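Summary of the model geometry
Next come the chains, spelled out residue by residue.
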Amino acid sequence: MRALFPLLLYAAASAHSATVAIDVGHFIEEPGATSARGRPELDFNRELAVEIEAAARGRGLKTMLIGYDGFMSHLAQRTAAAAHADFFLSIHHDSVQPYLIETWEHDRVERSFSDLHSGFSLFISRKNRSLSRSLACASAIGEALRGAGFSPSLYHADPIPGENKPFADRRNGVHYYDNLIVLKTARTPAVLLEAGVIVNRDEDLKLQSEETRKRMAAAVSLGLDRCLAKGSIRTAPTK
């Protein structure tokens, strides 16, 4: 009986573990931003989403992967598909405003780039029905990413056209972005992660690295675990 007891505890814990819907941002017809070396954002999103799913499962969380095949073009379908999950996480990679873009030649092809900004950003919507939980989880993910050596970009709060997304938690790189469809229509707490700025030439290379993806996925899964699996939804941090 003594040998069986840990197994029973594990089974009970697994039965009550949270389910995270991991959304692969963009789709084939609209693959998102293009990296400094010409790689579509959708490819980055797919690779990181798979790593996050594996890391989350390794922590005992349940997962569902949404949009991986690249055919889910209606964004509201994504949140509808995640209706029975406990949390919705949308994976993206970032660009900058068009007026900041320059050009360079890579492999004899002229490419667009901007090295002015780098780092991750997290977004939540005040129109989401679970704002406080969304913010708590976004902050937990941002804190874990910082602990793993990643830095928040912060530039989305700049008072310039196309940005001006106010901080919800500056220290951990969390912004309000109220009208993002996947955030405001989610029936669960929801966060959108911009993992890094792929038009930045250095960050483009780093984010194509398997080592970077695994380190980032481990940090994201740690934040999710702290927030969801252990029930430690904290009071929203001060700005």
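Structure first, text after, so check above.
These lines cover the structure that appears in this document, whether it is placed above or below. Counting restarts for each chain, with residues numbered from 1 along the sequence as it is written. Totals for whole chains, interfaces and linings use every residue, but because this is a predicted model, local features are given only for residues with pLDDT of at least 70 and side-chain atom pairs only at 80 or more, for both listing and counting. Side-chain measures here rest on the full set of heavy atoms in the structure, leaving out hydrogens and waters.

The subject of this paragraph is the overall build of the protein chain. Each helix and strand in the protein chain was counted, giving seven helices and nine strands. Categorising residues by exposure relies on relative accessible area from a 1.4 Å probe, with only protein chains included: less than 20% of the type maximum marks a residue as buried, more than 50% marks it as exposed, and the intermediate range marks it as partly exposed. Out of the 239 residues belonging to the protein chain, those deemed buried represent 50%. Any two residues having at least one pair of non-hydrogen atoms within 4.5 Å are treated as being in contact. Taking contacts inside the protein chain between residues at least 6 apart in sequence as the whole, the part at least 24 apart equals 73%. Accessible surface is estimated by sampling points in the Shrake-Rupley manner with a 1.4 Å probe; for residues, cover comes only from the protein chains shown. Of the roughly 11500 Å² of accessible surface on the protein chain, 52% is carried by carbon and sulfur atoms. The helix count covers DSSP runs of H or I at least four residues long, the strand count covers runs of E at least two residues long, and both are numbered beginning at the N terminus.

Our focus in this paragraph is helix α2 (residues 41-58). Under the convention used throughout, the expected extent of a helix is 1.5 Å for every residue step, that is, one less than its residue count. Across its 18 residues, α2 extends 26 Å between first and last C-alpha, which sits within 8% of the 26 Å expected from 1.5 Å per residue. Buried residues of α2: E41, L42, F44, N45, R46, L48, A49, E51, I52, E53 and A56, and no others.

Think of a nonpolar core as a cluster: buried Ala, Val, Leu, Ile, Met, Phe, Trp, Tyr and Cys residues, connected wherever their side-chain atoms sit within 4.5 Å. Within the largest apolar cluster, 41 residues are counted, with the highest numbers of intra-cluster contacts made by L89, L145, L193, V220 and L224. Listed by contribution, the elements that provide at least two residues to this core are β1 (19-24), α2, β3 (87-94), β6 (121-124), α4 (131-147), β8 (174-176), β9 (190-197) and α7 (210-229). Beyond its immediate stretch of four places on either side in the chain, L193 contacts L89, S90, I91, H92, F120, S121, L122, L145 and V220. Counting twelve residues, the second-largest nonpolar core is a separate cluster that includes I66, F123, L180 and L192.

Once that is clear, we can look at the pattern of salt bridges. Salt bridge, as used here, is a side-chain nitrogen of Lys or Arg placed within 4 Å of a carboxyl oxygen of Asp or Glu. Enumeration over the complete set of coordinates arrives at eleven salt bridges. When the shortest N-O distance is used, the salt bridge between D178 and R126 registers 3.0 Å. In this pair, D178 sits in the loop between β8 and α5 (181-184) while R126 sits in the loop between β6 and α4, placing the two residues 52 residues apart along the sequence. Here K214 ties to E210 by a salt bridge, and the two come within 3.8 Å at their closest N and O atoms. Of this pair, K214 and E210 both sit in helix α7, four residues apart, which is roughly one turn of the helix. Connected through shared salt-bridge partners, R39, E47 and R213 make up one network.

This brings us to a nonpolar patch on the surface. Patch membership requires over 30% relative accessible area and the absence of a salt bridge. Like charges are linked within 9 Å, and nonpolar side chains (Val, Leu, Ile, Met, Phe, Trp, Tyr) within 5 Å. Together, V50, L65 and Y68 make up a nonpolar patch on the protein surface, roughly 230 Å² of accessible area in all. Residue Y68 is classed as partly exposed on the basis of its relative accessible area of 40%.

Turning our eyes to something else, we now look at the packing of aromatic side chains. Whether two aromatic rings pair depends on their centres lying within 6.5 Å, for rings of Phe, Tyr and Trp, where Trp uses its six-membered ring; planes under 30 degrees apart make the pair stacked, over 60 edge-to-face, and the rest tilted. Throughout the structure, instances matching the rule amount to two aromatic pairs. Between the aromatic rings of W104 and F113, the centroid separation amounts to 6.2 Å while the plane-to-plane angle is 65°, which identifies the pairing as edge-to-face. Comparing W104 with F113 shows no difference in burial state: the two are buried. For the pair F123 and Y177, a centre-to-centre distance of 5.7 Å together with 65° between the ring planes defines the contact as edge-to-face. Within this pair, whereas F123 is found in strand β6, its partner Y177 is found in the loop between β8 and α5, the two being separated by 54 residues in sequence. By relative accessible area, which is 30% here, Y177 ends up partly exposed. Working rule: Lys NZ or Arg CZ, within 6 Å of ring centre, within 35 degrees of ring normal, means a charge sits over the ring. Over the ring of Y68 we find R46, and its NZ or CZ is 5.6 Å from the ring centre. In this structure, R201 is placed above the aromatic ring of W104, and the distance from its NZ or CZ to the ring centre is 5.0 Å.

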